[in-house]
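# Understanding the architecture of this molecule
Residue strings, one per chain:
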Amino acid sequence: LETRTQHWPDESSCEVFAASLARNAALADATLELEGTLGAGKTTFVRHLLRALGVQGRIKSPTYAVVELYELERPGLPPLAVSHFDFYRFESPDEWEDAGFRELFAAPGLKLCEWAEKVAGRLPPPDLRIGLQMEADDSRTVTLQALTPRGQELLR
Ligand code: ADP
Ligand code: MG
């Protein structure tokens, strides 16, 4: 529906963007896909987003577990469920059912997905796709693609 490009000279731009998304009311039930090669900054973005949402303590990369779950307390609101997926090591389609991912995706809450291309055809279309590209000077070119009305809300 709508695409926007940003330039992140360093990680502080990633942090600023994550903090602004965290304040967006449309984030609560959104699905976000993070795209980019190894080291592009997908997990780093998720860490900044989770910090901005109030997660304290260590934020693990779900590379081995495939998913890390969070229940975030929100003043005056029900807790926010966040699922952070990394499908890099995902192997068989059966894993999708066995691991209960279908149920997780059907439940309300924020879903953050790295390597969604490994489970192509199973994931519902994301609201927002964030493409991270590393440049020679270690900056990032970031493509924000809204695929749903909620995604457009997130780009506001
Ligand atoms: P991925 O999950 O995409 O494989 P990571 O987030 O694990 O990548 O690693 C990205 C690395 O790049 C981190 O060491 C991070 O500090 C660094 N980095 C440098 N600049 C940026 C930036 N602008 N945005 C995000 N990460 C950055
Ligand atoms: Mg990662």
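Everything discussed here concerns the structure shown above.
Let me sum up the structure you'll find in this document. The structure displayed is predicted, hence computed values, not measured ones.

Criteria and cut-off values
Residues numbered from 1 in each chain as written. Chains lettered and ligands numbered in written order. Predicted model: local features only at pLDDT ≥ 70, side-chain atom pairs only at ≥ 80, totals over all residues. Heavy atoms only, no water. Core = buried A, V, L, I, M, F, W, Y, C linked by side-chain atoms within 4.5 Å. Buried < 20%, exposed > 50% of the residue type's maximum accessible area, 1.4 Å probe, protein only. Contact = heavy atoms within 4.5 Å. Pairing = 2+ DSSP bridges. Helix = DSSP H or I, 4+ residues; strand = E, 2+ residues; numbered from the N terminus. Donors = N, O, S within 2.8 Å, 3.2 Å for Na, K, Ca; no water. Near = heavy atom within 4 Å. Polar contact = N/O pair within 3.5 Å; in protein donor to acceptor, adjacent residues only side chain to side chain. Areas by Shrake-Rupley, 256 points an atom, 1.4 Å probe, with all protein chains shown as cover. Nonpolar A, V, L, I, M, F, W, Y, C, P; charged D, E, K, R; others polar.

In this section: the nonpolar core. Generally speaking, nonpolar side chains in soluble globular proteins are found buried as a group. L32, F45, L49, L110 and I130 are the most contacted members of the largest nonpolar core, which totals 33 residues. Setting aside residues no more than four positions away along its own chain, L110 makes contact with L27, A28, A30, L32, L49, L53, L80, A81, V82 and S83. Among the nonpolar cores identified, the runner-up in size contains 13 residues, and V66, F105, W115 and V119 belong to it.

Successive side chains on a regular strand alternate, one facing one side of the sheet and the next facing the other. Across 4 bridges, strand 2 (residues 31-35) lies against strand 6 (residues 128-134) in parallel orientation. By the bridge assignment, L34 is partnered in strand 6 with I130. Two strands pair when backbone bridges link them, and strand 6 and strand 7 (residues 140-146) are joined in this way by 7 bridges, in the antiparallel orientation. In the sheet register, L132 faces strand 7, and the bridge partner there is V142. Where strand 6 folds back on strand 7, the antiparallel hairpin that results is connected by 5 residues, among which D138 adopts a positive phi of roughly 70°.

This next bit is on unusual backbone geometry. Even without being a glycine, W115 presents a positive backbone phi close to 60°. Its location among the elements puts W115 in the loop between strand 5 (110-114) and strand 6. Look at W115 and you get buried, because its relative accessible area is 15%. In this structure, D138 takes a positive phi of about 70° despite not being glycine. With respect to the helices and strands, the residue D138 is situated in the loop between strand 6 and strand 7.

Surrounding the magnesium ion (ligand 2) are the protein donor atoms T43 (OG1) and E114 (OE), which sit 2.1 to 2.3 Å from the metal. Within this pair, whereas T43 is found in helix 2 (residues 42-52), its partner E114 is found in strand 5, the two being separated by 71 residues in sequence. Each member of the pair, T43 together with E114, is buried.

Once that is clear, we can look at the site of ligand 1. The local shell around ligand 1 holds 15 residues, among which E11, G39, K42, T43 and T44 are the closest. Contact between ligand 1 and G39: an oxygen atom at 2.8 Å from a main-chain N or O atom of the residue. Within the backbone of A40, an N or O atom sits 3.3 Å from an oxygen atom of ligand 1. Isolated, ligand 1 exposes 580 Å² of accessible area, and the fraction of that covered by the protein chains is 75%. Broken down by secondary-structure element, the contributors of at least two residues to the shell around ligand 1 are helix 1 (11-22) and helix 2. A total of 3 residues in the shell around ligand 1 trace back to one element, the largest contributor, which is helix 2. Its residues assigned to classes, the shell around ligand 1 comprises 4 nonpolar, 5 polar and 6 charged.

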